[in-house]
Amino acid sequence: MTVEAQKETLEFQAEVQQLLHLMIHSLYSNKEIFLRELISNASDAADKLRFEALKNDALYEGDSELKIRITFDKDARTLTVSDNGIGMSRQEVLDNIGTIARSGTRQFFQALSGDEAKDSQLIGQFGVGFYSCYIVADKVTLVTRRAGTDEAVRWESDGKGSYTIESTDKAGRGTEVTLHLREGEDEFAEGYRLRNIIHKFSDHISLPIEMHQEHYGEEKDEPEAPEWETVNRASALWTRNKDDISDEEHAEFYKHIAHDFEAPLAHSHNRVEGKHEYISLLYIPSRAPFDLWDRERSHGVKLYVRRVFIKDDTEHLMPQYLRFVRGVIDSADLPLNVSREILQSNRLIDTIKSASVKRVLGLLESIANNDAEKYAKFWKEFGKVMKEGPGEDFANKERIAGLLRFASTHADTAEQTVSLAEYIGRMKEGQEHIYYITAESFLAAKNSPHLEVFRKKGVEVLLLTDRVDEWLVSALTEFDGKTLQSVTKGELDLGTLDDETDKEEQKKAEEELGDLIERVKTALGEKVKEVRYSHRLTSSPGCLVSEEHEMGANMERILKAVGQDVAEAKRIFELNPGHPLVHRLKEEADDQRFGDLTAILYDQAYLAEGGSLDDPAGFIHRMNELLLDLAK
Ligand code: ADP
């Protein structure tokens, strides 16, 4: 007997125990989903076998009729799901069942709050998988043999704290999962109940799911060799006529391929014929998957070649900004032995990809045009990802830009609901640009001094506060012939929006201030690039501005926050010639005090745009000197 053959008892990872506990307590009203999860795993195992067998036919061991079988024993209260798919080696059992290795799962646990009601919703966003057996079973036995190997493994656990694993024999390859049903769960050892669940959840599974034929009403002993019958439809859903597929069927199919628990938000199903033939069935999820921001995420669009599953592709079939799209693309023309190299540089793949992208954009456009509430839901989940689009997909830039939504001064809420088209529709006569401000938070953007003149003139400004917005505006410089213009950069030229009396007043005020600009410049010295009068301000005394093509303050902060070494660009200090503090400054004859007052105005402007001062204590000291004057 080898060491490995001995029976070992191992502890579940702490997270598995936590997951099991949560699952049993939060999914009891939806018990039957365990069967879908087991069938889904069996179907994946068949896909994996088919794929490996493309290179090594011997893995079939003479049995290439892949199927799933479900048997039950009412008296013993057991239910068994078996497949002749790829099976698992001992190591695979250890890695897959008993540990939680996938990164998405890790994030899932980080998101857990301890509040059971909230957490059970989280479970909903996350595939529940194998462990869902324990909703109805108090003991589960799994016997498996990996295709092409001799050693079979038997795993068993009551789902409490530990499991056992030992070597065994198994004639056929694949996996057999036996559930010892809890007391009171007898319904899952009833033929008609199981058939119902299979119809509901697993009709779309393209493998036959077989059960023993039942002879209702006949007082007969069990026949010697029971006859098997296929109880599901067993045809690949995407190959069916699109008008014949119900929303429920789509929902179940989507849950299976996307490992999601919720129905999708929308789908697009297309059969392309002609020079190249392929079918695409693409889904937009209702909720962002946990690994949306994870570079090593494992799910994407599944590539099939003539019904044979090739891979779950995360790189070649969808661009990064549509990485949340799930579905199936089944090509009739790609070679079955399609490799990574082929995927990387294949005209057909490129054609399929670009057509699929257009389909998804079209689908989103139609939601945006017809169902604002649904689109808002989509935007909440995936807006930040969509904003990567203009920088990544040059060909579809304008279309993607049309799908973007922003917060703006129009509604003055953080909700991102304003489209560029809507903004343009509200532009003032004579307004030439789409104005925006980028800032660290909604409040910082909304209350920025840079917006003062825009508010006064009733010109709408987009409030951009997602990190990705800086990249977005560097890639998206115009929309529908209108350029996007930052309100914190360059000389502000409002063109005909400025009326003549405003201009004259400003000029008069500037003249009154005499050589103030020169004195401020001398006082601030190397700190600033330039000092000038502002056209942006109505109620603040000063603000800081960047040159048109320089990196803005917000971008600098973001880069610093991710550890990049950025030299802070000197800014232009703009003073409000109409502000009483600026006029008070002019009256100050004492150089020391003039310097202090100037420094305060400068530091305030710096703070207002979200900067953190190099010398906060100095600022406070100077402020307190002023306050003491008040107290005198
Ligand atoms: P998921 O299916 O979401 O990955 P599960 O907990 O359902 O999570 O399964 C974990 C892993 O165990 C699967 O990814 C797969 O590698 C393996 N597995 C489960 N069931 C089977 C099966 N019937 N045949 C082969 N491998 C399986």
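Here the structure is a predicted model, which is why all the values come from computation and not from measurement. (Residues numbered from 1 in each chain as written. Predicted model: local features only at pLDDT ≥ 70, side-chain atom pairs only at ≥ 80, totals over all residues. Heavy atoms only, no water.)

Thoughts on the pattern of salt bridges
Phase 1: Counting across every chain of the model gives 51 salt bridges.
Phase 2: With a closest N to O distance of 3.0 Å, arginine 536 and glutamate 574 form a salt bridge. With arginine 536 in the loop between β20 (528-533) and β21 (542-545) and glutamate 574 in strand β22 (residues 571-575), this pair connects stretches of sequence that are 38 residues apart.
Phase 3: By relative accessible area, glutamate 574 is classed as buried at 2%.
Phase 4: Ionic pairing is found between lysine 586 and glutamate 587, a salt bridge with its closest N-O pair at 3.9 Å.
Phase 5: A residue is classified by how much of its surface remains accessible, and lysine 586, at 32% relative accessible area, is partly exposed.
Phase 6: The exposed category is assigned to glutamate 587, whose relative accessible area is 57%.
Phase 7: Bridged by salt links that share partners, the residues Glu491, Glu530, Arg532, Arg536 and Glu574 form one connected network. (Salt bridge = Lys/Arg side-chain N within 4 Å of Asp/Glu carboxyl O. Helix = DSSP H or I, 4+ residues; strand = E, 2+ residues; numbered from the N terminus. Buried < 20%, exposed > 50% of the residue type's maximum accessible area, 1.4 Å probe, protein only.)

Overview of the packing of helix α18 (residues 516-524) against helix α20 (residues 580-587)
What describes two packed helices is the angle between their axes and the distance between those same axes.
Phase 1: Running from N to C, α18 and α20 cross one another at 80 degrees; their axes reach a closest spacing of 10 Å. Relative to α20, the element α18 is oriented roughly perpendicular. Contact with α18, carried on its side by Leu516, Arg519 and Val520, involves Val582, Leu585 and Lys586 of α20 and no other residues of that element. (Axes fitted to C-alpha atoms, helices over the stretch in contact; angles between N-to-C directions. Parallel < 35°, antiparallel > 145°, perpendicular 65-115°, else oblique. Contact = heavy atoms within 4.5 Å.)

So, the environment of threonine 488
Phase 1: You can see threonine 488 is positioned in the loop between β19 (482-486) and α17 (500-512).
Phase 2: Given a relative accessible area of 15%, threonine 488 falls into the buried group.
Phase 3: For threonine 488 and arginine 536, which are 48 residues apart along the polypeptide, the C-alpha to C-alpha distance reads 9.2 Å.
Phase 4: For threonine 488, the contacting residues outside a window of four places in its chain are Ile437, His450, Arg536, Val545 and Ser546.
Phase 5: A distance of 3.0 Å separates polar atoms of two side chains, one belonging to threonine 488 and the other to serine 486. (Polar contact = N/O pair within 3.5 Å; in protein donor to acceptor, adjacent residues only side chain to side chain.)

Here we look at the site of the ligand
Phase 1: Around the ligand lies a shell of 12 residues, among which Asn41, Asp83, Asn96, Gly129 and Phe130 are the nearest.
Phase 2: Take asparagine 96: an N or O atom from its side chain is 3.2 Å from an oxygen atom of the ligand.
Phase 3: Across the complex, the protein chains shield 85% of the 530 Å² of accessible surface that the ligand would expose by itself.
Phase 4: The element that contributes the greatest number of residues to the shell around the ligand is helix α2 (residues 33-55), accounting for four residues. (Near = heavy atom within 4 Å. Areas by Shrake-Rupley, 256 points an atom, 1.4 Å probe, with all protein chains shown as cover.)

Focus: helix α21 (residues 591-608)
Phase 1: The end-to-end C-alpha separation of α21 is 26 Å, in line with the 26 Å expected for 18 residues at 1.5 Å each.
Phase 2: Those residues of α21 lying buried are Phe594, Leu597, Thr598, Ala599, Ile600, Leu601, Tyr602, Asp603, Ala605 and Tyr606.
Phase 3: The inward-facing, buried residues of α21 contact α18, β20, β21, β22, α20 and α22 (616-631).
Phase 4: Just downstream of α21 lies glycine 610, where phi reads positive at about 95 degrees. (Expected span 1.5 Å × (residues − 1).)

Let's talk about the sheet that holds strand β7 (residues 174-181)
Phase 1: Reading across the sheet, the nine strands line up as β1-β6-β5-β4-β7-β3-β2-β8-β9 and stay open at both edges, with mixed pairing between neighbours. Strand pairing shows two members of the sheet lacking a second neighbour, β1 (8-11) and β9 (228-230), which therefore form its edges. Shown here is a sheet whose adjacent strand axes are inclined to one another by a mean of 20 degrees, direction ignored.
Phase 2: Alignment of strand β3 (residues 78-83) against β7, held across six bridges, turns out to be antiparallel. Residue pairing in the sheet places valine 81 in a bridge with valine 177 of β7. (Pairing = 2+ DSSP bridges.)

Focus: the layout of surface pockets
Phase 1: Space inside the second largest pocket adds up to approximately 560 Å³.
Phase 2: Lining the second largest pocket we find 34 residues, and of these Tyr436, Glu470, Val473, Ser486 and Lys489 sit closest to its centre.
Phase 3: Mapped onto the lining of the second largest pocket, the elements with two or more residues apiece are β16 (433-438), α16 (468-475), β19, β21 and α19 (553-561).
Phase 4: Its residues assigned to classes, the lining of the second largest pocket shows 13 nonpolar, 14 polar and seven charged. (1 Å grid on protein atoms, 1.4 Å probe; cavity = no way out; pocket = protein on both sides within 12 Å on 5 of 7 lines; lining within 4 Å. Points joined across faces, edges and corners; volume = space filled by probe spheres on them. Nonpolar A, V, L, I, M, F, W, Y, C, P; charged D, E, K, R; others polar.)

Examining empty space enclosed by the protein
Phase 1: Under the defined criterion, the tally for this structure stands at two cavities of 30 Å³ or more.
Phase 2: Mapped onto the lining of the largest cavity, the elements with two or more residues apiece are α2, α7 (247-258) and β12 (301-305).
Phase 3: Grouping the amino acids of the lining of the largest cavity by side-chain chemistry returns six nonpolar, four polar and three charged.
Phase 4: Both domain 1 (4-230) and domain 2 (237-371) contribute no fewer than three residues apiece to the lining of the largest cavity.
Phase 5: For the second largest cavity, the calculated volume is near 60 Å³.
Phase 6: In terms of lining residues, the second largest cavity is bounded by Arg297, His299, Gly300, Val301, Asp313, Thr314, Leu317, Met318, Pro319, Leu322, Arg323 and Val325. (Domains from an automatic or database assignment.)

Some details on the packing of α20 against α21
Phase 1: Relative to each other, α20 and α21 sit at 160 degrees, their axes nearing to 9 Å. Classified by the angle between their axes, α20 and α21 sit roughly antiparallel to one another. The handedness of the crossing between α20 and α21 comes out as left-handed. Listed contacts from α21 to Leu581, Arg584 and Leu585 of α20 are Arg593, Phe594, Leu597, Thr598 and Leu601.
Phase 2: Within the contact of α20 with α21, the residues separate by chemical class into five nonpolar, one polar and two charged. (Left-handed = near helix turned anticlockwise from the far one by under 90°.)

Things to note about the sheet that holds strand β10 (residues 266-272)
Phase 1: The five strands lie next to each other as β10-β11-β14-β12-β13, forming an open sheet whose pairing is mixed. Sheet topology places β10 and β13 (308-313) at the edges, where each strand pairs with a single neighbour. Neighbour-to-neighbour, the strand axes of this sheet turn through a mean angle of 15 degrees, independent of strand direction.
Phase 2: Looking at chain direction, β10 and strand β11 (residues 278-284) are connected through seven bridges and run antiparallel. Residue pairing in the sheet places histidine 267 in a bridge with tyrosine 283 of β11.
Phase 3: Contacting β10, β11 and β14 (326-331), helix α9 (residues 347-370) runs over the sheet at an angle of about 40 degrees to β11.

A word on the nonpolar core
Phase 1: Formed by 72 residues in total, the largest nonpolar core has its most connected members in Leu322, Phe324, Phe378, Met386, Tyr435, Phe454 and Leu462.
Phase 2: Per-element accounting of this core gives the leading share, 10 residues, to α9.
Phase 3: Both domains that furnish three or more residues to this core are identified here as domain 2 (237-371) and domain 3 (405-496).
Phase 4: If near-sequence neighbours (up to four positions away) are discounted, phenylalanine 454 is found in contact with Tyr435, Val459, Val461, Val487, Leu492 and Leu494. (Core = buried A, V, L, I, M, F, W, Y, C linked by side-chain atoms within 4.5 Å.)

Some remarks on helix α10 (residues 372-386)
Phase 1: For α10, with 15 residues, the first-to-last C-alpha span of 17 Å runs short of the 21 Å given by 1.5 Å per residue.
Phase 2: At lysine 380, α10 shows its maximal bend, which comes to roughly 55 degrees.
Phase 3: Listed in full, the buried residues belonging to α10 are Tyr375, Phe378, Trp379, Phe382, Gly383, Val385 and Met386.
Phase 4: In this structure, the buried residues of α10 make contact with β11, α9, α11 (389-392) and α12 (397-403). (Bend = angle between axes of the 7 residues up to and from the residue.)

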